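# Secondary and tertiary structure notes
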Amino acid sequence: MAAETLIGNGFAERAEAHRRELHVHCYRMLGSFDEAEDLVQETFLRAWRRRDTLRDGDGLRAWLYRIATNACLDHLRAHPRRPEPRPAPAGADPGLDPPASGMVSWLQPYPDELLDAADLVIERETIELAFLVAIQHLPPRQRAVLILRDVLGWSAQETAESLELTVAAVKSALQRARPVLRRHLPARRLEWAASAGPTPEDRAVLRRYIDAVEQADPSILTEVLRADVWQAMPPAPVWLQGLETFVAAWAPAMTGPEAWGDWRVLAVRANRQPAAAAYLRRAGETCFSPSWLGVLRLEDGLVTQITTFGDEMFPSFGLPASL
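Fair warning: this is a prediction, and the values are worked out from it, not measured in the lab. (Residues numbered from 1 in each chain as written. Predicted model: local features only at pLDDT ≥ 70, side-chain atom pairs only at ≥ 80, totals over all residues. Heavy atoms only, no water.)

It is worth spelling out the pairing of strand 6 (residues 289-299) at this point. Here is the key point about a regular strand: its side chains alternate between the two faces of the sheet. The element strand 6 is largely enclosed, with a buried count of 8 among its 11 residues. Both strand 5 (residues 273-281) and strand 6 contribute to a ladder of 6 bridges, which runs antiparallel. When the sheet's bridge partners are listed, Leu280 is paired in strand 6 with Ser289. Bridge analysis of strand 6 against strand 7 (residues 302-310) gives 8 bridges, and the strand direction is antiparallel. If you follow Leu298 over to strand 7, its bridge partner there is Val303. Counted along the chain from strand 6 to the antiparallel partner strand 7, the turn is 2 residues long, and its residue Asp300 has a positive phi close to 55 degrees. (Buried < 20%, exposed > 50% of the residue type's maximum accessible area, 1.4 Å probe, protein only. Helix = DSSP H or I, 4+ residues; strand = E, 2+ residues; numbered from the N terminus. Pairing = 2+ DSSP bridges.)

This brings us to the UniProt feature "domain: RNA polymerase sigma factor 70 region 4 type" (unreviewed entry) in the protein chain. Sites flagged by UniProt as "domain: RNA polymerase sigma factor 70 region 4 type" (unreviewed entry) map to residues 130-178. With 78% helix and 0% strand, the stretch residues 130-178 has end C-alpha atoms that lie 15 Å from each other. (UniProt positions renumbered as here; feature names shortened; annotations may be inferred.)

With that settled, the discussion passes to the pairing of strand 2 (residues 225-232). In this sheet, strand 7 lies alongside strand 2 in parallel orientation, the contact comprising 4 bridges. When the bridges of strand 7 are listed, Trp230 appears paired with Gln305. Here strand 2 runs beside strand 3 (residues 239-241); their pairing, made up of 3 bridges, is antiparallel. Paired with Gln231 across the two strands is Leu240, which belongs to strand 3. A loop of 6 residues connects strand 2 with strand 3, the two strands running antiparallel in sequence.

The next point concerns the packing of aromatic side chains. Using the criterion set out here, one finds 12 aromatic pairs in the structure. Measuring from ring centre to ring centre gives 6.2 Å for Trp230 and Trp239, while their planes differ by 85 degrees; the resulting arrangement is edge-to-face. For the pair formed by Trp230 and Trp239, the shared burial category is buried. Summarising the aromatic geometry, the rings of Tyr279 and Phe314 are spaced 5.3 Å apart at their centres and angled 70 degrees between planes, so their arrangement reads as edge-to-face. Highlighted residues: Tyr279 in strand 5 and Phe314 in the segment after strand 7, separated in sequence by 35 residues. What makes Phe314 buried here is its relative accessible area of 2%. One aromatic cluster in this structure is built from Phe246, Trp250, Trp260, Trp263 and Trp292. The lysine or arginine in question, Arg51, covers the ring of Trp48, its NZ or CZ lying 3.7 Å from the ring centre. The lysine or arginine in question, Arg86, covers the ring of Trp239, its NZ or CZ lying 5.5 Å from the ring centre. (Phe/Tyr/Trp six-rings, centres within 6.5 Å; stacked < 30°, edge-to-face > 60°. Lys NZ or Arg CZ within 6 Å of the ring centre and 35° of its normal.)

Orientation of helix 3 (residues 19-30) relative to helix 8 (residues 140-151), taken along the N-to-C sense of each, is 135 degrees, at an axis distance of 10 Å. The orientation of helix 3 relative to helix 8 falls into the category oblique. Viewed along their axes, helix 3 and helix 8 form a crossing whose handedness is right-handed. Contact residues: His25, Arg28 and Met29 in helix 3; Pro140, Arg143, Ala144, Ile147, Leu148 and Val151 in helix 8. In the contact of helix 3 with helix 8, the residues fall into 6 nonpolar, 1 polar and 2 charged. (Axes fitted to C-alpha atoms, helices over the stretch in contact; angles between N-to-C directions. Parallel < 35°, antiparallel > 145°, perpendicular 65-115°, else oblique. Left-handed = near helix turned anticlockwise from the far one by under 90°. Contact = heavy atoms within 4.5 Å. Nonpolar A, V, L, I, M, F, W, Y, C, P; charged D, E, K, R; others polar.)

Here the focus is the environment of Arg282. For Arg282, the position within the fold is in the loop between strand 5 and strand 6. Along the chain, Arg282 and Asp262 lie 20 residues apart, while their C-alpha atoms are 6.5 Å from each other. With residues up to four places along the chain from it excluded, the contact list for Arg282 reads Trp260 and Gly261.

Attention shifts here to the layout of surface pockets. In this structure, the largest pocket encloses a volume near 490 Å³. If you trace the largest pocket, you find 31 residues lining it, with Pro99, Ala100, Pro186, Trp230 and Arg297 closest to the centre. Counting residues per element, the ones that place at least two in the lining of the largest pocket are helix 7 (129-135), strand 2, strand 6 and strand 7. The element contributing the most residues to the lining of the largest pocket is strand 2, with 4 residues. Looking at side-chain class alone, the lining of the largest pocket contains 17 nonpolar, 7 polar and 7 charged residues. Both domains that furnish three or more residues to the lining of the largest pocket are identified here as domain 1 (1-87 + 103-189) and domain 2 (200-317). (1 Å grid on protein atoms, 1.4 Å probe; cavity = no way out; pocket = protein on both sides within 12 Å on 5 of 7 lines; lining within 4 Å. Points joined across faces, edges and corners; volume = space filled by probe spheres on them. Domains from an automatic or database assignment.)

So, in structure tokens, the structure goes:
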């Protein structure tokens, strides 16, 4: 099919139909929701400029993925970055092994509502924060190969053509990438059952976590947190580890003379994981204002990790400016 015919059949509209899945692809490559939005825009700009090179209308999706992948690689070459070694924790229970992954300061969460609205079937294992952090430890080209091969299911030949590599180079990159990925994933991560999103049990745990915050009751936290729970707070290089340390750190904000105020928390979903958006009303204030957004990782009915982001992510989740 000639490029002129494609344009006549609504090139822009047909390309736009792939926007959300391209955004997810760029998000996996970059780990940043905001940067992914910029790179999708760059992808469509490049696609429009090169539209005369598209000869096969049925190959539009693969063609766009190729442009998006290379746009991300160009961005990463221009803005190189690697996870930083994790510093000493702000507090930790004795005897616990530190997390395997480094600090990914640019990490941002992805609202599930945007995936659902686009009717995208995205399994938790390929978009959860633990996976996003782990693949950021890969060099950009290895990361691209792993995503195209193991996440999108492209053949070695298709991946090679997209990245302008040989099939042998693709196979070699994948062989190097997989062990690194496994090394930076949480323990037992590969044993988890495939899931598209939070289960009823997950939602029940989230509800108890929300109750603990809203009721300012640290004792409830001890019921839902695993003994080795840890909390990351990107972009800050600060983290906590251990049930006692976590509760001791948060109890003053919840109750007592140093309590921040009253809390209201909304249940949301991010990265196919349960999440909580917290609003705070300080003394003398009439409204609850955005405070933090926490994404929970659960195992066996307990919270094993909380990744806490600031209120700057609230607009991306369509959350109200106040309650």
